Amino acid sequence: MAGVGFELKKMFKNETKGTNIRGYLVSSLVTAGPTVICISLILFMKYFLQLHGEIYTNIELFISTMVYCYTFSLIVTGGLSFLVVRYISDCFYNGKISRILPSFFGVLIITIGIVNLAVIPFLYKAPLPLNIKIITYITFVELCIIWTFSSYITGIKDYMGILLGFLLSAFVIFIGMISFRGVGILSPVMKAFIWISIGFLFTIIFFLYKMIKYYGAKEFDVKYVFHFITIIDEKKRLIFIGVFYYLGIFIHNIIFWFSQEGNIIAGTYRMAAFYDVPIFYAMLSVIPATVMFVVKMETSFYDKYRRFFALIKNDGSIAEISNSKKEMIATLYNELRYIMMAQIIITFISMFLGVVFLPRIGASLLTVDIFMIVTLAAYCQSILFIIMVILLYFDEIKGATMISVLFFVLVTVLTFITLLMGTDYYGYGFFAATVITLLFAFKRLNYYINRIDYYIFSKQPVYKKDKNGIFTKIYNRIWPS
């Protein structure tokens, strides 16, 4: 995500309505494009299948399969996402851009290896038709590839190309379903699976072409396919940040799936639709916070951030460094305050719209009540994620790790407690967990900011000693220098 801001600065340099709209569009499609498209496709296909008379059990199978693919592909790739972004940033900073493209394939090899260990045994035991198993596996892998692309495409400057890539998937799926809805012997649900897979494949091919064109295939060196693992020795906590954060996002759903409230779909999936539906809508409601973060924090804040560290690096005077630090901190809190105020307004509007429209699409009163509280929870979650990323800006990995672990633990424990308390409290566990974690995140951010001089000047080592840990040794054994 950090790489987006470097190019967005140019779009917001001239403060006009046109450039602002374009900048917000760019940040939206880069940061939220995959999530919006995936959730929107699930909802669109549900109503499309209903419209064309597909039986209810098949619609349930389709939705359950897509929800599982979406949820667990994010969890699988989340563990490496923060690590990969750090590696890409280091490559840009050190002028070693040619290493980025090889690392993409290394990340995919490891990711697909994890997928095979987890998904193939699951599908093998599932009492599903073979064609459904195959298309489920393909869709899962495609989503993992798309999430991995999300860490890499921010370095590509062709933002209109990125927009076309996301729209291409939706366009292919829509045209395919409309054009072939009455053709062939396949059932509507199987056609939905196939066309979603084809749409994702088009996006993958398009983005791969863009990456090869930008990063340069001619300089591709297979030696650096797994070079990114060497960063694990020094930054292994980044893996824990990703794993615990994404587990925290979905663990409350999983708990409900396996509770007495869950239902078994097609003898394979456990779901709790009354709880899952409001969660998905709530996640869509906080996308503006992510967009505003990219625009506000990574454009205006980044200038102050860069100037502060440039003065330190280039022997600026004490007065210059002190004034620059004050400007950076003031900008940080001002922009964070703006994001919080703007998003809370959007959250309240979303809650109002939910009360009005959810009953009209068949949502129960319980689902509407859950939507109200989990939308507030999603708001808190979005802000704590922003704070976590800000801490990572300053390389405060310890604080970000504490936030992600606390988030996961609290969501797990409090969801179990509120589940036992009854339907009146469903969703309150997730809400309470996000509120407590957000308060802790603010406290940790203030703690670091108030001691930023110590962390920058006193806690740094006298000289940097490269860690020759186990992953570096593994890499050197594979590719000796």
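Residues numbered from 1 in each chain as written. Predicted model: local features only at pLDDT ≥ 70, side-chain atom pairs only at ≥ 80, totals over all residues. Heavy atoms only, no water.

K.L.:
Would you explain the overall build of the protein chain in this entry?
P.N.:
Counting secondary structure elements, the protein chain contains 17 helices and two strands. With 481 residues in all, the protein chain has 52% of them scored as buried. Here the analysis covers contacts within the protein chain between residues at least 6 apart in sequence; of these, 81% occur between residues at least 24 apart. When the accessible area of the protein chain is evaluated, it comes to approximately 22400 Å², of which 67% is carbon and sulfur surface. (Helix = DSSP H or I, 4+ residues; strand = E, 2+ residues; numbered from the N terminus. Buried < 20%, exposed > 50% of the residue type's maximum accessible area, 1.4 Å probe, protein only. Contact = heavy atoms within 4.5 Å. Areas by Shrake-Rupley, 256 points an atom, 1.4 Å probe, with all protein chains shown as cover.)

K.L.:
Looking at this model, I keep getting lost on the packing of aromatic side chains. Mind explaining?
P.N.:
Centre-to-centre distance and the angle between the planes together describe a pair of aromatic rings. Evaluation of the coordinates by the stated rule reveals 35 aromatic pairs. An angle of 55° between the planes, with centres 6.3 Å apart, marks the rings of F72 and W257 as tilted. Pair noted here: F72 is in helix 3 (residues 56–93) and W257 is in helix 9 (residues 237–257), with a separation of 185 residues, a long-range link. Since its relative accessible area comes to 27%, F72 is described here as partly exposed. Here W257 falls in the buried class, since its relative accessible area comes to 1%. With centroids separated by 5.5 Å and ring planes inclined at 50°, the aromatic side chains of F244 and F408 adopt a geometry described as tilted. Here F244, found in helix 9, pairs with F408, found in helix 14 (residues 397–421); they are 164 residues apart in sequence, far enough to count as distant. (Phe/Tyr/Trp six-rings, centres within 6.5 Å; stacked < 30°, edge-to-face > 60°.)

K.L.:
Teacher, can you tell me more about unusual backbone geometry here?
P.N.:
What is expected of a backbone is that most residues other than glycine have negative phi and most peptide bonds are trans. A positive phi angle, close to 55°, is found at A266, a residue other than glycine. Counting through the fold element by element, A266 comes out in the loop between strand 1 (263–265) and strand 2 (269–271). For D395, which is not a glycine, the phi torsion comes out positive at approximately 60°. The exposure class assigned to D395 is partly exposed, which follows from its relative accessible area of 35%.

K.L.:
Teacher, can you tell me more about the pattern of salt bridges here?
P.N.:
Any two side chains of opposite charge can pair, given that their charged atoms come close. A complete count under the given rule lists four salt bridges for this structure. Among the salt bridges present, the one from R86 reaches D395, with a minimum N-O distance of 2.8 Å. With R86 in helix 3 and D395 in the loop between helix 13 (365–393) and helix 14, the pair connects residues that are 309 residues apart, well separated along the chain. Sharing partners across several salt bridges, the network here consists of R86, D90, K235 and D395. (Salt bridge = Lys/Arg side-chain N within 4 Å of Asp/Glu carboxyl O.)

K.L.:
Please explain the packing of helix 3 against helix 5 (residues 130–152) as it appears in this structure.
P.N.:
For any two helices packed against each other, the geometry is given by the interaxial angle and the distance between the axes. At a minimum axis separation of 8 Å, helix 3 and helix 5 run at an interaxial angle of 30°. As judged from the angle between their axes, helix 3 and helix 5 are roughly parallel. When you trace helix 3 past helix 5, the crossing you get is right-handed. Tallied by class, the residues present in the contact of helix 3 with helix 5 amount to 15 nonpolar, eight polar and no charged. (Axes fitted to C-alpha atoms, helices over the stretch in contact; angles between N-to-C directions. Parallel < 35°, antiparallel > 145°, perpendicular 65-115°, else oblique. Left-handed = near helix turned anticlockwise from the far one by under 90°. Nonpolar A, V, L, I, M, F, W, Y, C, P; charged D, E, K, R; others polar.)

K.L.:
Sorry, what's going on with the packing of helix 12 (residues 318–357) against helix 13 here?
P.N.:
Packing of helix 12 against helix 13 brings their axes to within 10 Å, and their N-to-C directions diverge by 165°. Considered as vectors, helix 12 and helix 13 are oriented roughly antiparallel to each other. Both helix 12 and helix 13 take part in a crossing whose hand is right-handed. Along the contact surface, helix 12 presents L332, L336, I339, M340, Q343, I344, T347, F348, S350, M351, G354 and V355, while helix 13 presents V368, F371, M372, T375, L376, Y379, S382, I383, I386, I387 and I390.

K.L.:
Mind showing me how you'd approach helix 10 (residues 273–285) here?
P.N.:
Under the 1.5 Å per step criterion, the end-to-end length of helix 10 is 19 Å for 13 residues, consistent within 8% with the ideal 18 Å. Of all the residues in helix 10, the buried ones are F274, Y275, D276, P278, I279, F280, A282, M283 and S285. (Expected span 1.5 Å × (residues − 1).)

K.L.:
Before we go on, may I ask you to explain the side chain of E142 in this structure?
P.N.:
Within the secondary structure layout, E142 lies in helix 5. This buried residue, E142, is left without a salt bridge; K191 holds the nearest opposite charge, at 19 Å. With sequence-adjacent residues up to four places away left out, E142 is seen in contact with S197, F200, L201 and I204. (Lys, Arg positive; Asp, Glu negative; His and termini not counted.)

K.L.:
Hey, could you run me through the confidence of the model for the protein chain in this one?
P.N.:
Predicted coordinates in regions of low pLDDT should not be interpreted in detail. For the protein chain, per-residue confidence averages 83 on the pLDDT scale, and 85% of positions sit at 70 or higher. Note on residues 1–28: pLDDT under 50 across the span, and 59 contacts to partners over four residues away in sequence or across chains. (pLDDT = per-residue confidence, 0-100.)

K.L.:
Honestly, the environment of M328 in this entry has me stumped. Any pointers?
P.N.:
Structurally, M328 is set in helix 12. When residues no more than four places from it in sequence are discounted, the contact partners of M328 are F301, K304, Y305, F308, F394 and I452.

K.L.:
I tried to follow the side chain of T203 on my own but got confused; where do I start?
P.N.:
Turning to its location among the elements, T203 is positioned in helix 7 (residues 188–215). Apart from the residues within four sequence positions on either side, T203 is in contact with G165 and S169.

K.L.:
Any chance you could explain a nonpolar patch on the surface here in plain terms?
P.N.:
Side chains of V409, V413, I417, M421, Y425 and Y428 sit close together on the surface and give an oily, nonpolar patch of about 520 Å² of accessible area. When residues of the nonpolar patch are assigned to their parent elements, the largest contribution, four residues, is made by helix 14. In this fold, V413 is placed in helix 14. (Patch = residues over 30% accessible without salt bridge, like charges linked within 9 Å, V, L, I, M, F, W, Y side chains within 5 Å.)

K.L.:
Can you help me understand helix 13 in this one?
P.N.:
Side chains that are three or four residues apart share a direction in an α-helix, a result of its 3.6 residues per turn. For helix 13, which comprises 29 residues, the first-to-last C-alpha distance of 42 Å matches the rise-based estimate of 42 Å (1.5 Å per residue) to within 8%. Counting buried residues along helix 13, 24 of its 29 residues qualify, which places the element largely inside the surrounding structure. Residue D395 follows helix 13 closely and has a positive phi angle near 60°.

K.L.:
Is there a simple way to think about the environment of I146 in this case?
P.N.:
With respect to the helices, strands and loops of the structure, I146 is situated in helix 5. The class of I146 is buried, set by a relative accessible area of 7%. Separated by 72 residues in sequence, I146 and L74 place their C-alpha atoms 10.0 Å apart.

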